[in-house]
Amino acid sequence: ENETVIDKCIIEELAYYSIFANVAYGWKGAAFCGRIPLFGNNNRPLMTRTGIEQHDILMTKWHSKTNRPAFFLVRDKERNAIVLSIRGTLSPRDVLTDLCASCENFLIEDNPEVLSTAEEEQKISLTDSESSLGDIDESTMSSDWGQIQFSRAHSGMVEAARGVARMTAKIISDELQLDPTLSLVIVGHSLGGGVAAVLATMWKQRFANKVRSIGFGNPCVFPLAITSSCDNIISVTGEGDPFACFSLGHIADLTKALSKLCSDDGFRDEIIQHTGTTKWLRPQDLSDADCAWCLNAMTFLRKQMNSEILVPPGVICVMSGSLFDFPTDESESSVKRHSIRTVDPTVFDEMRVSPRMFDLSRHVPARYETVLQRIAASV
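Residues numbered from 1 in each chain as written. Predicted model: local features only at pLDDT ≥ 70, side-chain atom pairs only at ≥ 80, totals over all residues. Heavy atoms only, no water.

Draft legend 1. Quick peek at the pairing of strand β13 (residues 315-320). A large share of β13 lies buried, amounting to five of its six residues. Taken together, the five bridges between strand β11 (residues 233-238) and β13 define a ladder with parallel strand orientation. Residue pairing for β13: Val236 is matched across the bridge by Cys317. Judged from the five bridges that link them, β13 and strand β14 (residues 339-343) form a sheet pairing that is antiparallel. Bridge pairing in β14 places Ile316 opposite Val343. (Buried < 20%, exposed > 50% of the residue type's maximum accessible area, 1.4 Å probe, protein only. Helix = DSSP H or I, 4+ residues; strand = E, 2+ residues; numbered from the N terminus. Pairing = 2+ DSSP bridges.)

In structure tokens:
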């Protein structure tokens, strides 16, 4: 009901920056996508595929560490922007960052000359009782410096964002001061998109009206109550991407629902009675009374599912098409089938259980780039 069509200019921008997000995987990513790479040389595919010249490469870190993903920082003269592209999961160290999946609060920088990251965390220590924004009326706190804003996100990505910020903030500040017309675009795929979203939130005041984030295949990063307020973030997810509905909260809620079903024999028998005793009925085959009972049963189960859910951040755009939903009609044009639309974050508040729920092929960066290029060419 809340789906909207996306403007052509935005689609073209998404397709443009999907290349930057893909290139962050370096020559290994190029080899994985079937391109012939120059082994060991990561700058060559960066310059070849984006059109960036050598003197416009400001910084590269092609090897990741725990809580510090690989990234590159460049000037994009075509779009008059500084582009920070953060790599997704490619090494065991990146997996360790992914696995730090609890949620933590972080401060939104205002005046970095007064408020350093180390001092912030020493001065304002949020206790466990304050750990959920759902328990706090406002996302601001008073201190000796005045009002300080904070947000909340995936712990590993928050730490990764801090690590990238420490290495790039001064270079970016200098570039934006030299040319005030420049904007800052932070892009990434998967883990990189999540870190980019956290950085865009951290720097929303520091680089006011200049910073935005575009993530492709973004995982679950922000709590559901927060994500809609992140208006400088765009998350592009493919239909059926398993990581769009996968967080500790999703797993906890699924566990609670399964526990209820396992412990209540009568409830299980009623489900079978209302949905088909010999075979599962399709939704359209259910009677009105059975549909009403199923809705009430889901309402009852959802009352047990009260964990903190993380969802993709910001404005969420969902892509569909032959590379995501696998049409049965082979004669149908794949270009015509591809589409992109914005959806409400609540679409991702429950885990989708299906035979293909862990189909990782729907998450690869090349698929995002290919589909976006086709959609941009067809609009």
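Draft legend 2. Summary view of the nonpolar core. The biggest cluster of nonpolar side chains holds 36 residues, and the ones touching the most others in it are Leu84, Ile186, Val198, Leu199, Trp203 and Phe222. Those elements that place two or more of their residues in this core are β3 (71-76), β4 (81-86), α6 (155-178), β8 (183-189) and α7 (191-202). Considering each element in turn, this core owes the most residues, nine residues, to α6. Apart from the residues lying within four places of it in its own chain, the contact partners of Trp203 are Leu84, Glu109, Ala165, Thr168, Ala169, Ile172, Leu184, Ile186 and Val211. Counting residues in each nonpolar core, the second largest holds 33 residues, with Tyr16, Leu46, Ala81 and Val185 among its members. (Core = buried A, V, L, I, M, F, W, Y, C linked by side-chain atoms within 4.5 Å. Contact = heavy atoms within 4.5 Å.)

Draft legend 3. Molecular detail of a nonpolar patch on the surface. A grouping of Phe246, Leu248, Ile251 and Phe358 is seen on the molecular surface, where their side chains present a nonpolar patch of about 370 Å² in accessible area. According to the relative accessible area criterion, Phe246 is partly exposed, its value standing at 33%. (Patch = residues over 30% accessible without salt bridge, like charges linked within 9 Å, V, L, I, M, F, W, Y side chains within 5 Å. Areas by Shrake-Rupley, 256 points an atom, 1.4 Å probe, with all protein chains shown as cover. Salt bridge = Lys/Arg side-chain N within 4 Å of Asp/Glu carboxyl O.)

Draft legend 4. Structural view of the packing of aromatic side chains. Counted under the stated rule, the structure contains eight aromatic pairs. With a centroid separation of 5.8 Å and 35° between ring planes, the pair formed by Trp62 and Phe72 is classed as tilted. With Trp62 in the loop between β2 (57-61) and β3 and Phe72 in strand β3, this pair connects stretches of sequence that are 10 residues apart. As far as burial versus exposure is concerned, Trp62 and Phe72 are alike and both buried. Taken together through their ring pairs, the aromatic side chains of Tyr16, Tyr17 and Phe20 make up a single cluster. A cation sits over an aromatic face here: Arg79 above Tyr16, 4.4 Å from the ring centre. (Phe/Tyr/Trp six-rings, centres within 6.5 Å; stacked < 30°, edge-to-face > 60°. Lys NZ or Arg CZ within 6 Å of the ring centre and 35° of its normal.)

Draft legend 5. Representation of the sheet that holds β13 within the structure. Reading across the sheet, the nine strands line up as β1-β14-β13-β11-β9-β8-β4-β3-β2 and stay open at both edges, with mixed pairing between neighbours. Among the strands making up the open sheet, the edge pair consists of β1 (4-5) and β2. Across the face of the sheet, α6 comes into contact with β2, β3, β4 and β8 while running at roughly 10° to β3. Across the sheet, α7 touches β4, β8, β9 (211-216) and β11, and the angle it forms with β8 is around 150°. (Axes fitted to C-alpha atoms, helices over the stretch in contact; angles between N-to-C directions.)

Draft legend 6. Summary view of the environment of Gly321. Along the chain, Gly321 turns up in the loop between β13 and α12 (322-325). Its relative accessible area of 0% is what places Gly321 among the buried residues. Note: C-alpha distance between Gly321 and Gly238 (83 residues apart in sequence) is 8.9 Å.

Draft legend 7. Representation of the pattern of salt bridges. Inspection of every chain in the model, using the stated rule, returns 16 salt bridges. With a shortest N-O distance of 2.7 Å, Arg212 and Glu13 are connected by a salt bridge. With Arg212 in strand β9 and Glu13 in helix α1 (residues 8-23), the pair connects residues that are 199 residues apart, well separated along the chain. For Glu308, the salt bridge identified is with Arg152, shortest N-O distance 2.8 Å. Here Glu308 is found in the loop between α11 (288-304) and β12 (310-311), whereas its partner Arg152 is found in strand β7 (residues 146-154), with 156 residues between them in sequence. Through salt bridges with shared partners, one network takes in Asp56, Arg75, Lys77 and Glu175.

Draft legend 8. Layout of α7. In this model, α7 (12 residues) spans 17 Å end to end at C-alpha, consistent with the 16 Å of a helix rising 1.5 Å per residue. Judged by how many residues are buried, α7 sits mostly within the fold: 12 of 12 residues are covered. Every buried residue of α7 is listed here: Leu191, Gly192, Gly193, Gly194, Val195, Ala196, Ala197, Val198, Leu199, Ala200, Thr201 and Met202. (Expected span 1.5 Å × (residues − 1).)

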